[in-house]
Amino acid sequence: MVMEGMAEIGTLIAFIGFSFSLLGAFTTIFSSYAQILNAIVGASRVFEVLDQKPGVDDRKNAPAMPAVDGDVIFDHVDFSYIPERRILTDNTFHARPGQVFGLCGPTGAGKSTIINILTRYYDIENGAIRIDGNDVREVKQDTLRIQIAQVQQEPFLFSDTIMANLKYARESATDEECVQAAQQANAHDFILQQPKGYHTILVDGGTNLSQGQRQMLTIARAIVANPRMLILDEATSNVDTRTEKLIQEGLLALQKDKTSFIIAHRLSTIQHADQILVIDKGAIVERGSHTELMMKKGFYFDLYMSQFRGKLSGIVME
Ligand SMILES: Nc1ncnc2c1ncn2[C@@H]1O[C@H](COP(=O)(O)OP(=O)(O)O)[C@@H](O)[C@H]1O
Ligand SMILES: [Mg+2]
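A short tour of the structure in this document, coming up. (Residues numbered from 1 in each chain as written. Chains lettered and ligands numbered in written order. Predicted model: local features only at pLDDT ≥ 70, side-chain atom pairs only at ≥ 80, totals over all residues. Heavy atoms only, no water.)

### Thoughts on the sheet that holds strand β7 (residues 229–233)
Sheet architecture is open: six strands sit in the order β6-β7-β8-β3-β9-β10, paired in mixed fashion. Of all strands in the sheet, those bounded by a partner on one side alone are β6 (148–151) and β10 (283–288). Going from strand to strand, the sheet's axes swing by 20 degrees on average, the running direction of each strand aside. The pairing of β7 with strand β8 (residues 259–263) spans five bridges and is parallel. Opposite Leu232, over in β8, you have Ile262 as the bridge partner. (Pairing = 2+ DSSP bridges. Helix = DSSP H or I, 4+ residues; strand = E, 2+ residues; numbered from the N terminus. Axes fitted to C-alpha atoms, helices over the stretch in contact; angles between N-to-C directions.)

Below is the structure:
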């Protein structure tokens, strides 16, 4: 049209310019479209998870669990995740308020399962689990779980300030109580070394801290919460010996006056326990204090000696 004199050369240049903007816009739209498709697929997975029913339901009008003292009874408990595949058989024990119970045994023996049914993430097949005389099936689940502090293998922290993470366990806690808890958990010193101390924001759930430090923070948080019962799945993480010692001290402070269940991979962490339960293939095969079990020269003794030898020959145990 320009050559035939039907349009100005300026119009052509403007036309070319505008076509490029249009092309750019289309490219953006189509690349967003691909992202939207991805998001739709992702969202459907997320909703699948959100729609999942909890493993067990509360009984209709189940009462709240009263403030517990920490008396825990396993009364001839049998349990299976899948029908016909028995995991725990005839587990019986009685932990009195304030006692420390250590759980040990080979991988897959059923240690974590005992904790899962104590907090009623699953219902048992036979027998009963009673806390202060209340069957765990008869009370509202959340009112039970809130009274049990759990320190997990993978420390969970929020992307918020260190102080907020400590207070998360108990909103009414004062700053002083949180600092005190951090001191008991041996976390105070490294917290002060952070750029803004207690007001340092944890990036991405704490990636700006080492794993050992994250663990000490979760211990401090459990000290702030101060419930009557404590569950601890010992970390297998490879922290240096000095950090490990600091963590151990924090854990001891945490266990004070609480009925505690400690799943130990390193037997040294449960030597002080009032009672050690040795679990094998879902059964309690031995029980007693460290000294008693060592004298028995049975399963526990063998487990202990093999770890001890491993340590001597420099092998890092699980
Ligand atoms: N959610 C589950 N569904 C089915 N089987 C499971 C589940 N969790 C654990 N198990 C099985 O239960 C047994 C005990 O596991 P677990 O309690 O985790 O052992 P431990 O903590 O002593 O290593 C194992 O055989 C394991 O495969
Ligand atoms: Mg386990």
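### As for the packing of aromatic side chains
Within the structure shown, the criterion is met by eleven aromatic pairs. Aromatic side chains Phe79 and Tyr81 sit 4.8 Å apart centroid to centroid with 80 degrees between the ring planes, which places their arrangement in the edge-to-face category. Centroid distance Phe101 to Phe261: 5.9 Å. Interplanar angle 55 degrees. Geometry classified as tilted. Of this pair, Phe101 sits in strand β3 (residues 100–104) while Phe261 sits in strand β8, and the two are 160 residues apart along the sequence. Overall, Phe261 belongs to the buried group, its relative accessible area being 1%. An aromatic cluster of three or more residues is present, and its members are Phe74, Phe93, Phe101 and Phe261. (Phe/Tyr/Trp six-rings, centres within 6.5 Å; stacked < 30°, edge-to-face > 60°. Buried < 20%, exposed > 50% of the residue type's maximum accessible area, 1.4 Å probe, protein only.)

### Looking at the side chain of Thr119
Residue position: Thr119 is located in the loop between α2 (111–118) and β4 (126–131). Of the residues examined, Thr119 reaches a relative accessible area of 1% and is grouped as buried. Every residue in contact with Thr119, bar those within four places of it in the chain, is listed here: Leu144, Arg145, Ile148, Gln150 and Ile231. (Contact = heavy atoms within 4.5 Å.)

### Description of the pattern of salt bridges
Across all of its chains, the model carries twelve salt bridges by this definition. A salt bridge links Asp78 to Arg86; the nearest nitrogen and oxygen atoms lie 3.6 Å apart. Shared partners join several salt bridges into a network, and the residues in it are Asp78, Arg86 and Glu125. (Salt bridge = Lys/Arg side-chain N within 4 Å of Asp/Glu carboxyl O.)

### Considering the pairing of strand β2 (residues 85–95)
Summarising the sheet, strand β1 (residues 72–82) and β2 pair through seven bridges and their orientation is antiparallel. What sits directly across from Ser80, in β2, is Arg86. Here β1 hands over to β2 after two residues, with Glu84 in that stretch at a positive phi of 75 degrees.

### Quick word on the site of ligand 1
In the vicinity of ligand 1, the residues found are Tyr81, Arg85, Ile87, Pro106, Thr107, Gly108, Ala109, Gly110, Lys111, Ser112, Thr113 and Tyr122. Between an oxygen atom of ligand 1 and a main-chain N or O atom of Lys111, the distance comes to 2.8 Å. At 2.4 Å, a side-chain N or O of Thr113 approaches an oxygen atom of ligand 1. Protein chains shield 64% of the accessible area of ligand 1, which is 570 Å² for the free molecule. Counting residues per element, the shell around ligand 1 draws most heavily on α2, which supplies three residues. Among the residues forming the shell around ligand 1, the class breakdown is five nonpolar, five polar and two charged. (Near = heavy atom within 4 Å. Polar contact = N/O pair within 3.5 Å; in protein donor to acceptor, adjacent residues only side chain to side chain. Areas by Shrake-Rupley, 256 points an atom, 1.4 Å probe, with all protein chains shown as cover. Nonpolar A, V, L, I, M, F, W, Y, C, P; charged D, E, K, R; others polar.)

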